[in-house]
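Survey of secondary and tertiary structure
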Amino acid sequence: MNNYNNLQIDVKDNIGLIIINRPKQLNALNKETIEELNKAFNALNDDKNIRVIIVTGSGTKAFVAGADIKEFMHFNAQQGQELAATGQELLFDLVENLDTPVIAAINGFALGGGLELALASHIRIASEQAKMGLPEVSLGVIPGYGGTQRLAQIIGKGRAMDLILSAEMIDATTALTYGLVTEVAPAENLMETAFKKAKKLMRNSPQAQALAIKAVNAAYPKAGFAIEKELFGQAFTTADFKEGTTAFVERRKPNFEGA
Ligand code: CAA
């Protein structure tokens, strides 16, 4: 099960654990990691002995610090739109619609695509040290992995607009108040808390849980996701996108037009 370059997979007590393992890049989601996550989620979901999947990040610093900025910073509009479309299809829509419940154990920074992966998961539990946000507009781009849609669905439009437009991070206590996560645990107990939750879920009918996931998801409109992909690509044509991503790699503050 461990034929992955960027993931570690463990199976214990009928629970599948996916650890995203690119610690030097704070577990940022490059193309290969997204493809591997697609394979791993599908394989665990197809295994009827696996009752719950937990996804977390390696190390103590980051869950996932976003899409890999260095990979997409020179993309054009079409490549940007394709990045969002492929990622949404391979990973974020897949996770949201899996039959097997998915718990995101947020062990550190969950930013951009990282928070979007947690948002697509069915349940979110955070470590007290976690920091969450959608910082894309600070790079001259917008969330492209479903964040503009799912964040508003989960915490409401007002708080979602605030987080997206300010690009600010919130801590675990604020995330709990917002309903962005449903449990917070001390960092050293995060995985134990996630496994305990998984075991509680396992007392219930897997067939009914799969149907419940479908029914809950059916309540939410899909049209916004297509618009997000298109506008994500559009952002790649702007001078602000070039400036924002260049400033990130040069470790300086961006100088946006008109800012
Ligand atoms: N992509 C690529 N590399 C990343 C990364 C990312 N999203 N986040 C961090 N890294 C890399 C850094 O470049 C650095 O690499 P080097 O050592 O080679 O320079 C390494 O990981 C460690 O990061 P920092 O030195 O920056 O660590 P820090 O403690 O100073 O800061 C941080 C931590 C606040 C999380 C900071 O790394 C950060 O702001 N990261 C980017 C967060 C972000 O903007 N995410 C959104 C990405 S866009 C997106 O996700 C679009 C989408 O929706 C599809």
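Refer to the structure printed above.
Read on for an overview of the structure. (Residues numbered from 1 in each chain as written. Predicted model: local features only at pLDDT ≥ 70, side-chain atom pairs only at ≥ 80, totals over all residues. Heavy atoms only, no water.)

What follows deals with the environment of Ala 235. Residue placement: Ala 235 occurs in helix 10 (residues 223-235). A relative accessible area of 11% means that Ala 235 is categorised as buried. Between the alpha carbons of Ala 235 and Gly 59 there is a distance of 32 Å; along the sequence they are 176 residues apart. Leave out the neighbours within four places in its chain, and Ala 235 touches Gly 140, Val 141 and Phe 241. (Helix = DSSP H or I, 4+ residues; strand = E, 2+ residues; numbered from the N terminus. Buried < 20%, exposed > 50% of the residue type's maximum accessible area, 1.4 Å probe, protein only. Contact = heavy atoms within 4.5 Å.)

One can describe the packing of helix 5 (residues 147-155) onto helix 10 by two numbers: an axis separation of 8 Å at closest approach and a directional angle of 140°. Of the possible angle classes, the one that applies to helix 5 and helix 10 is oblique. Within the contact between the two elements, helix 5 uses Gly 147, Thr 148, Gln 149, Arg 150 and Gln 153 and helix 10 uses Gly 224, Phe 225 and Glu 228. Residues belonging to the contact of helix 5 with helix 10 are distributed by class as follows: one nonpolar, five polar and two charged. (Axes fitted to C-alpha atoms, helices over the stretch in contact; angles between N-to-C directions. Parallel < 35°, antiparallel > 145°, perpendicular 65-115°, else oblique. Nonpolar A, V, L, I, M, F, W, Y, C, P; charged D, E, K, R; others polar.)

In spatial order, the strands read 1-2-3-5-7-10; together these six strands make up an open sheet with mixed pairing. The sheet terminates laterally at strand 1 (7-12) and strand 10 (183-185), the two strands that pair on one side only. Sheet twist, expressed as the average angle between the axes of neighbouring strands with direction ignored, equals 20°. Across three bridges, strand 7 (residues 123-127) lies against strand 10 in parallel orientation. For Ala 126, the partnering residue across the bridge sits in strand 10 and is Val 184. (Pairing = 2+ DSSP bridges.)

Per the counting criterion, the structure on display carries eight salt bridges. Where Lys 214 meets Asp 99, a salt bridge forms, and the shortest distance between an N and an O atom there is 3.4 Å. With a gap of 115 residues between them, Lys 214 in helix 9 (residues 206-217) and Asp 99 in the loop between helix 3 (77-96) and strand 5 (102-106) connect regions that are remote in the sequence. A relative accessible area of 29% means that Asp 99 is categorised as partly exposed. Among the charged side chains, a network of salt bridges with common partners joins Asp 93, Glu 96 and Arg 150. (Salt bridge = Lys/Arg side-chain N within 4 Å of Asp/Glu carboxyl O.)

Treat this as a map of the structure, not an account of what it does.
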